[in-house]
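# Topology and contacts: notes
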Amino acid sequence: MGLMPETIRARLMLLLVGVLLLAQLVSFALHFRDRDQVLEQVAGYNLLQRIAGMVTVLDRLSPAERALFAHSMDLPPLRVALREKPAKLPDEEQTSMQGGMLHRLLHFRLGDERKVMAYVPTQAEPARNNGPTMPGPMRRMMARHMGWGGRTSPDGIMVQVQLSHGQWGLFRYELPAELLVWPWGLFGGLLVLLVAVLGVSLVAVRWVTRPLSTLATAADHLGKDLQHAPLPEQGPLEVRRAAATFNTMQRRLARFVDERTRILSAVSHDLKTPITRMRLRLEMVDDPQLKAKFDRDLQEMQVMVQSSLDFMRGITLQEEVRPLDINALMETLCEDTGDTGHIIRVSGRAASPYQGRPMALKRAISNLLENAIRYGKEVEVGIEDADDRLQITIADRGPGLPDELLEKAFEPFFRAEDSRNPQTGGTGLGLSIARNIARAHGGELSLKNRPGGGLEAVLVLPR
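Overview of the structure.

Conventions adopted
Residues numbered from 1 in each chain as written. Predicted model: local features only at pLDDT ≥ 70, side-chain atom pairs only at ≥ 80, totals over all residues. Heavy atoms only, no water. Pairing = 2+ DSSP bridges. Helix = DSSP H or I, 4+ residues; strand = E, 2+ residues; numbered from the N terminus. Axes fitted to C-alpha atoms, helices over the stretch in contact; angles between N-to-C directions. Expected span 1.5 Å × (residues − 1). Buried < 20%, exposed > 50% of the residue type's maximum accessible area, 1.4 Å probe, protein only. Core = buried A, V, L, I, M, F, W, Y, C linked by side-chain atoms within 4.5 Å. Contact = heavy atoms within 4.5 Å. Polar contact = N/O pair within 3.5 Å; in protein donor to acceptor, adjacent residues only side chain to side chain. Salt bridge = Lys/Arg side-chain N within 4 Å of Asp/Glu carboxyl O.

## Some remarks on the sheet that holds strand 2 (residues 116-119)
What the four strands build is an open sheet, ordered 1-4-3-2; its pairing is antiparallel. Both edges of this open sheet fall to strand 1 (78-83) and strand 2, since each of them pairs with a single strand only. On average, each strand axis in the sheet is tilted by 10° relative to the strand beside it, whichever way the strands run. Where strand 1 meets strand 4 (residues 168-173), six bridges bridge the pair, whose relative direction is antiparallel. The partner of Leu82 across the bridge, within strand 4, is Gly169.

## A few points about helix 7 (residues 237-282)
Look at helix 7: 67 Å from first C-alpha to last across 46 residues, which is about the 68 Å you get at 1.5 Å a residue. Listed as buried for helix 7 are Ala243, Phe246, Asn247, Gln250, Ala254, Val257, Thr261, Ser268, Ile275 and Leu282.

## Quick word on the nonpolar core
Within the largest apolar cluster, 41 residues are counted, with the highest numbers of intra-cluster contacts made by Ile365 and Ile394. Those elements giving two or more residues to this core turn out to be helix 9 (326-338), helix 10 (358-375), strand 8 (378-385), strand 9 (389-396), helix 11 (430-440), strand 10 (444-449) and strand 11 (455-462). Ignoring sequence-local partners within four residues, the contact set of Ile394 consists of Ile365, Leu368, Leu369, Ala372, Val379, Glu380, Val381, Leu455, Glu456 and Ala457. In terms of nonpolar packing, the next biggest core, distinct from the first, is built from 22 residues, Leu48, Leu58, Leu106 and Val159 among them.

## As for the environment of Ala292
Counting through the fold element by element, Ala292 comes out in helix 8 (residues 288-316). Note: C-alpha distance between Ala292 and Leu282 (10 residues apart in sequence) is 9.4 Å.

## Examining the side chain of Arg114
Among the secondary structure elements, Arg114 is positioned in the loop between helix 4 (97-110) and strand 2. Residue classification places Arg114 among the buried residues on the basis of a relative accessible area of 16%. There is a polar contact of 2.7 Å between the side chain of Arg114 and the side chain of Asp59. Aside from chain neighbours lying at most four places away, what touches Arg114 is Val55, Asp59, His107, Val161, Gln162, Leu163 and Ser164.

## Side note on the pattern of salt bridges
Applying the stated rule across the entire model yields 13 salt bridges. In this structure, the salt-bridge partner of Arg349 is Glu331, at a minimum N-O distance of 3.9 Å. Remark: Glu331 occurs in helix 9 and Arg349 occurs in the loop between strand 6 (343-347) and strand 7 (354-356); sequence separation between them is 18 residues. Relative accessible area serves as the criterion here: at 55%, Arg349 is assigned to the exposed category.

Below, the structure written as structure tokens:
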């Protein structure tokens, strides 16, 4: 999966946050692009038109009127003054390319005979500082788009034009500091929008994904108990339909298992009667060899019937969940099994009681121990307890099983005497019952061959 989160909730949040941040970045980019265009219009050709227009008016006025007009036009950011001689400007090589272009455009607008001096600085320092100025990278970005729009000097953009009466008009333009200030208001508004959308998204995602969590929990309980309480059919239409479908599936599964259990129980019960009659009639057989054969067949039939009933009980598991002392249970089973002359070694202990069905777990572990001692006289039992699981490993030193049969061994009535020990019997239901009990507790039972020979049954139960 790489860096992709595992849960749907996290993926939806990642998607929403990513799209929202991308939208915010695009908004910032569009804002500053429009800002650049406005600055360029304000400080570029509009300035040229204003200067040319004022020069035209000044040429037609009397000296007194010119002074009054210049004084009235002397307003920031364009300062206007009249002088008898031109002010000294920096060297021509220090002006930028935009300065030369402005010089040519003024000549084109006012005529080539007009003396014009224009200066746009190439190196600059802020002309005024009325507040937090725009960061350097932003000014450089604006300068890249406008050439000089993001930079000023103490003298600003300076233009001097000789009027028709010999005086000189001095025009000095400085970009207002407010235009170069970082847009904290816009930034704050977008930040508030981001936080609000994220908060609403988190609530919405939790609300949308909660039915999935409820459905997953119900499915987990269904694997442990078919009679678990059904899901509440409430909420949006899709959630109600999913809950109703799940409840219908649960009812069908429970009904199917109950019907199969009743049928098998009835068949097993009905078989006990003819088996009992056959045992009574067997007492009238005089031939000892024939009698022994019949008795062996009847015994096998009786064991199969009882094992089938136990198998079905292992599926239903109606027993109540209670704390179970695993250490005491293992000691009891190992003592009972050790009386048969087999060697059983136990290592490890459970740190605390396990919440489970005591009789069912006793049956599962007992089946695994009986299966181990049937094929090997020495049995090793290992108990590993962790915060999230309890693992019980039962290993023997028998002939083992081919790898392709390790999973098939859990099928009901499967018998592998030909691959292990041809002298042993069994109905082939012990491992099936043990796995059903393990899975009914939310755990798992698996088999694997041991290095050096033997089989290892690993029972994992969740805490």
